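Structural features, examined
The primary structure of each chain is shown beneath.
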Amino acid sequence: MNRRMLFVLAGAVSAVLPAIAAAETQLTVYTAVEAVDLDRYKATFEKAHPDIKINWVRDSTGVMTAKLLAEKDNPQADVVWGLAATSLLLLKTEGMLEPYQPKGVEALDPKFVDKDTPPSWVGMDAYVAALCYNTVEGEKLGLTPPTSWKDLTKPEYRGHVVMPNPASSGTGFLDVSGWMQMWGEEKAWDFMDKLHQNISAYTHSGSKPCKMAGAGEAVIGVSFEFPGAKAKSAGAPIDIIFPAEGSGWEAEATAIIAGTANLEAAKTLVDWSVTKEANEMYNAGYAVVAYPGVAKQVEHLPDDIASRMIVNDFEWAANNRAEILKEWQKRYDAKSEPKS
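The structure reproduced in this document is the subject of the present report. As the structure is a prediction and not an experimental result, all values here were calculated from the model.

This next bit is on the packing of helix α2 (residues 35–48) against helix α10 (residues 263–273). For the pair α2 and α10, the least separation of the axes is 11 Å and the interaxial angle reads 110°. Viewed along their axes, α2 and α10 adopt a mutual orientation that is roughly perpendicular. Relative to α10, α2 is oriented so that their crossing is right-handed. Side by side, α2 and α10 meet where Thr44, Phe45 and Ala48 of the first sit next to Thr268, Leu269 and Trp272 of the second. Counted by class, the contact of α2 with α10 contains four nonpolar, two polar and no charged residues.

Below, the structure is given as structure tokens:
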């Protein structure tokens, strides 16, 4: 190879290298988003930003929260995209989040944005507590559908209720947190003591109780609204019930992990996570999203879900989470299903 050819080759390589470098920006993104949604999230974001690639690490809310806290002194994630806001508030307290005000965040409903300026987390959507009731199995047993949380303590439901374990499931924790915020701690523990008598198992997934009700493996699944709508659309004989007292809820949210070596790419992802386009994407899996006016009504769900959501104090829930879970596990963990 002569000198001229070497020069041409070197020029070509130097022209390509920046593009390769840009294409190789990798973000490790921790999430508790339902696994079925991850490919869609990744594809939609990477289409808008082909220079940034997402590598998911996914587990349930409780497990992912514990993993992040365990990695406090040696963080492995760049971004958390889709974890409970109460979990992110714990990380914020530990100084693990990089405060950042994403472009366009002012368009979001304020209850989906951290109160500090700049915010340490921004919300995406909400999952709202609801019951899935199998009408076929209920009729076989001569049961009447519950209309309230307190109905679940009726003796007729003994052994027919499943709910998520709040230590491993964000849905389970929003239930417990919601009851405590609605009734006060003493009355909430009294309710849970009675409910425990009717529980057949505590699951480690928030959607599983609804899936079990849909499959006839349980009569009543304490879950959240969207798996119910999905199961009903697939033909499951279930009613989706929003209890009369109101529904606890949790926001899925996004944050940057402090100390990330990929800060600019992380900011780009968080900027995109609050866009109208991203919220339209969330609406495929959640009936309530952070960007007002975006959510379209979901088949089998009422159009006033937001009005059924209780006033939720995320700060209280985050500050009391450890003590609540410790007490809950002491009282009820014996009925939790084995961890896979």
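So, next bit.
Moving on, we get to the packing of aromatic side chains. Evaluation of the coordinates by the stated rule reveals 17 aromatic pairs. Measuring from ring centre to ring centre gives 4.8 Å for Tyr202 and Trp328, while their planes differ by 80°; the resulting arrangement is edge-to-face. In this pair, Tyr202 sits in strand β7 (residues 199–203) while Trp328 sits in helix α13 (residues 314–332), placing the two residues 126 residues apart along the sequence. Like Tyr202, the residue Trp328 is buried in the burial classification. Aromatic pair Trp328 and Tyr332: ring centres 5.6 Å apart, planes at 70°, arrangement edge-to-face. One end of the pair, Trp328, and the other, Tyr332, are both in helix α13, four residues apart, so they sit about a helical turn from each other.

Before going further, it helps to spend a moment on the pattern of salt bridges. By the definition in use, this model includes 16 salt bridges. Where Asp109 meets Lys111, a salt bridge forms, and the shortest distance between an N and an O atom there is 2.9 Å. A residue is classified by how much of its surface remains accessible, and Asp109, at 23% relative accessible area, is partly exposed. One network of salt bridges, in which partners are shared, links Asp193, Glu327, Lys330 and Arg331.

Reading the values: rules and limits
- Residues numbered from 1 in each chain as written.
- Predicted model: local features only at pLDDT ≥ 70, side-chain atom pairs only at ≥ 80, totals over all residues.
- Heavy atoms only, no water.
- Axes fitted to C-alpha atoms, helices over the stretch in contact; angles between N-to-C directions.
- Helix = DSSP H or I, 4+ residues; strand = E, 2+ residues; numbered from the N terminus.
- Parallel < 35°, antiparallel > 145°, perpendicular 65-115°, else oblique.
- Left-handed = near helix turned anticlockwise from the far one by under 90°.
- Contact = heavy atoms within 4.5 Å.
- Nonpolar A, V, L, I, M, F, W, Y, C, P; charged D, E, K, R; others polar.
- Phe/Tyr/Trp six-rings, centres within 6.5 Å; stacked < 30°, edge-to-face > 60°.
- Buried < 20%, exposed > 50% of the residue type's maximum accessible area, 1.4 Å probe, protein only.
- Salt bridge = Lys/Arg side-chain N within 4 Å of Asp/Glu carboxyl O.

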